[in-house]
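Each chain, letter by letter, is given below.
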Amino acid sequence: MSRSFDTRVRQCYTRAVAQGALLFTESTVSKHREHGEVFEVRFVPALAKKPSSKPKDAANPFLPYDERLHVSDLGSTHHLLLNKYCVVPHHLLITTAEFRQQGEPLSETDFSAVLNTINNLSSRNIVFYNSGDKSGASQPHKHLQVLPMPEYMDVPPSIGIWLQSGSLPGHVHTSDQLPFAHYGIALDQDQQKDPVQLAAAYKMAYGKLTTAYGDEISYNMIMTKTAMMLFPRQRSSWNGIAINSLGFAGLVLTKTKEEQELLDRYGILHILTCVGYPRTLGKNK
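## Notes on the overall build of the protein chain
Argument step 1. Along its length, the protein chain carries eight helices and 16 strands.
Argument step 2. Its C-alpha atoms give the protein chain a radius of gyration of 18 Å, within 12% of the compact-globule value 19 Å for 285 residues.
Argument step 3. For the protein chain, the residues scored as buried account for 50% of the 285 residues in total.
Argument step 4. Here the analysis covers contacts within the protein chain between residues at least 6 apart in sequence; of these, 67% occur between residues at least 24 apart.
Argument step 5. As displayed, the protein chain has an accessible area near 13400 Å², and 51% of this comes from carbon and sulfur atoms.

In structure tokens:
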């Protein structure tokens, strides 16, 4: 890790907020326990006023990017930017330097940029990728995202539940403890440092996903230093509650009291199963 990199992220964030380039939205955080794991729910009523869709001719915010949001270049292929609209401080975006389509499979250069970021941060982070129109993706320009993990969270809840059934590095594993379809792979120390090996692990899980659901399937990917999981998607929201990769990482946003009540009544795992696919022996193995 690099303390100078941590300092750079913090300084860029503070400066971008002061300049009005970054818009931080306050939220109320509550914890929701299911299956022995703690999920985080953020109530963000300001999001209810935000337009649900963007004009088709909206400008690409990553090409060119706002210099005030620029943290670092990640080689010649990617940029590290601050997320302009965030509810968690220090939310980062890894964007391709040239236009690539969001939804393209991830590459070795993508994972090289990921490792150059997370291995230089002192905090534990969740890396995620929204792929396809039902995944919660909001921009057509290819980008991954990096979010600091809540301090109380050792691993995202989905990964925590998945780990209960045991897994071996190098093998795609599914757990009967999770009700929704998923493809997980444990990462060893070599994969945590080598983008070639990390990309190979992703390709194994992605191959299982597309074999079961087809090449056009929308999906979410979440990754920590110790595990990677992919989740096929059949819809982007449930009763107004929008879900992207962070939902499968155990971090859910609600905009209204009605959404909050629905979440309390039905539970997060049920909602994730509704926006994903139920885990079935035929498709998930």
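## Notes on the sheet that holds strand E3 (residues 37-43)
Argument step 1. Spatial strand order, E2-E3-E16: three strands in an open sheet with mixed pairing. The open sheet has two free edges, formed respectively by strand E2 (28-34) and strand E16 (251-254), since each of these has just one partner strand. Going from strand to strand, the sheet's axes swing by 30° on average, the running direction of each strand aside.
Argument step 2. Pairing geometry for E3 and E16, over four bridges, is parallel. Bridge assignment links Arg 42 to a residue of E16, and that residue is Leu 253.

## A few points about helix H7 (residues 268-275)
Argument step 1. Burial analysis of H7 places seven of its eight residues in the buried class, the great majority of the element.
Argument step 2. Turning to H7, its buried residues are Ile 268, Leu 269, Ile 271, Leu 272, Thr 273, Cys 274 and Val 275.

## Details of the sheet that holds strand E12 (residues 218-223)
Argument step 1. The strand order across the open sheet formed by nine strands is E4-E5-E7-E9-E8-E12-E13-E11-E10, and the pairing between neighbours is antiparallel. Only two strands of the sheet have a single partner each, and these edge strands are strand E4 (70-74) and strand E10 (172-173).
Argument step 2. Sheet analysis places strand E11 (residues 183-186) next to strand E13 (residues 227-233), joined by four bridges and oriented antiparallel. Pairing of Tyr 183 across the sheet is with Leu 230, part of E13.
Argument step 3. Contacting E4, strand E5 (78-82) and strand E7 (92-96), helix H1 (residues 3-19) crosses the sheet at an angle of about 140° to E4.

Cut-offs used in this document
Residues numbered from 1 in each chain as written. Predicted model: local features only at pLDDT ≥ 70, side-chain atom pairs only at ≥ 80, totals over all residues. Heavy atoms only, no water. Helix = DSSP H or I, 4+ residues; strand = E, 2+ residues; numbered from the N terminus. Rg over C-alpha atoms; globule rule 2.2 N^0.38 Å. Buried < 20%, exposed > 50% of the residue type's maximum accessible area, 1.4 Å probe, protein only. Contact = heavy atoms within 4.5 Å. Areas by Shrake-Rupley, 256 points an atom, 1.4 Å probe, with all protein chains shown as cover. Pairing = 2+ DSSP bridges. Axes fitted to C-alpha atoms, helices over the stretch in contact; angles between N-to-C directions.

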